[in-house]
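Now for the letters of each chain:
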Amino acid sequence: MNVPVLTIDGPSGAGKGTVSRSVAKKLAWHYLDSGSIYRSLAIAVLDESVDLQDIDKIVAIAKNLNLEFECGDELIVKLNKVDITARLPSEATGNTASIIAAYPEVRAVLLQKQKDFQQAPGLVADGRDMGTVVFPSAETKVFLTASAEERASRRYKQLKEKGINANLVRITKEIEARDRRDQQRETAPLKASDDAFYIDSSNLSIDQVIEEVMNLVHNES
Ligand code: C5P
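Residues numbered from 1 in each chain as written. Predicted model: local features only at pLDDT ≥ 70, side-chain atom pairs only at ≥ 80, totals over all residues. Heavy atoms only, no water.

Would you mind going over the side chain of Asp 126 in detail, with residue names and values included?
For Asp 126, the location among the structural elements is in strand S6 (residues 123–127). Engagement of the side chain of Asp 126 in a polar contact is seen with the side chain of Tyr 31, the distance being 2.9 Å. When residues no more than four places from it in sequence are discounted, the contact partners of Asp 126 are Ile 8, Lys 16, Gly 17, Ser 20, Tyr 31, Leu 32, Asp 33, Ser 34 and Gly 35. (Helix = DSSP H or I, 4+ residues; strand = E, 2+ residues; numbered from the N terminus. Polar contact = N/O pair within 3.5 Å; in protein donor to acceptor, adjacent residues only side chain to side chain. Contact = heavy atoms within 4.5 Å.)

Structure representation (structure tokens):
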């Protein structure tokens, strides 16, 4: 049976997570937050104080990555049975994730882990290369973006709400640096698939984006 997939790709802070979770809930489909896989690997790498240039060591850790996802109202992620959910959003985790995600060897190891999420009745997959690499034959593909300033201000508010210390100017610079790294890397760079619907959320509310994505899914099925 062909399990339908909706991919939502785009840069960090465009609202992919909120939109994907909400759409997955409305459709009663599974949800893959692929960024959390890269972030979990980053935590494992940071915890072992691995040199970020040591690709072999990072690949070895990726191969043995013992992750569990519990999808309730909030996504809970466990690494080696330990709940690491609270550590996932930090800037240090995100920046390390973006550095190790640039290694093709690392991406190759994590590819099957992501494909395994394609389970009936359907999957909403959120990331950078969901529509281009991981699920190229997905029925519906969305590329969701917003200006760097808007994304930085959203991330800043999110971190503050979680009680995490944040600095807006630094976040804007880090978002721009991460965009550059994600867009310029050779393997699976961040780019819209030719057959993706492009949505700029800078001037849209989250509810408007969700509605637009739901309409796309219904029109495609
Ligand atoms: O989406 P999120 O900000 O959690 O992703 C963290 C980092 O993981 C990104 O900056 C990107 O470098 C990497 N990533 C990726 N491919 C994905 C998802 C995330 O390279 N599909």
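Tell me about the site of the ligand, and please be specific about residues and values.
Taken together, 18 residues sit near the ligand, with Arg 39, Arg 107, Arg 128, Arg 178 and Asp 182 positioned nearest. Between the ligand and Ser 34, the relevant distance is 3.0 Å, taken from a nitrogen atom to a side-chain nitrogen or oxygen of the residue. Asp 182 is positioned such that a nitrogen or oxygen atom in its side chain is 2.8 Å from an oxygen atom of the ligand. Taken by itself the ligand offers 450 Å² of open surface, and the protein chains cover 95% of this. At the level of secondary structure, the elements contributing two or more residues to the shell around the ligand comprise helix H2 (34–47), helix H4 (91–100) and helix H8 (168–184). Ranked by residue count, the leading element in the shell around the ligand is H2, at four residues. A breakdown of the residues in the shell around the ligand according to their chemical character gives four nonpolar, five polar and nine charged. (Near = heavy atom within 4 Å. Areas by Shrake-Rupley, 256 points an atom, 1.4 Å probe, with all protein chains shown as cover. Nonpolar A, V, L, I, M, F, W, Y, C, P; charged D, E, K, R; others polar.)

Let's hear about unusual backbone geometry: which residues, and what values?
With an omega of 10°, the peptide bond running from Ala 120 to Pro 121 counts as cis. Looking at the element boundaries, Pro 121 is found in the loop between helix H5 (104–115) and S6. Unusually for a residue other than glycine, Asn 80 sits at a positive phi of about 50°. Inspection of the secondary structure puts Asn 80 in the loop between strand S4 (75–79) and strand S5 (82–83). Residue Asn 80 is classed as partly exposed on the basis of its relative accessible area, which comes to 47%. A positive phi angle, near 70°, is found at Lys 81, a position not held by glycine. Tracing the backbone shows Lys 81 in the loop between S4 and S5. Note on Lys 81: relative accessible area 61%, which makes it exposed. (Buried < 20%, exposed > 50% of the residue type's maximum accessible area, 1.4 Å probe, protein only.)

Pulling in residues and values, what's your account of the pattern of salt bridges?
A complete count under the given rule lists 13 salt bridges for this structure. Two residues, Asp 126 and Lys 16, come together in a salt bridge whose shortest N-O distance is 3.8 Å. Remark: Lys 16 occurs in helix H1 (residues 16–27) and Asp 126 occurs in strand S6; sequence separation between them is 110 residues. With respect to burial, Asp 126 and Lys 16 carry one shared label: buried. (Salt bridge = Lys/Arg side-chain N within 4 Å of Asp/Glu carboxyl O.)

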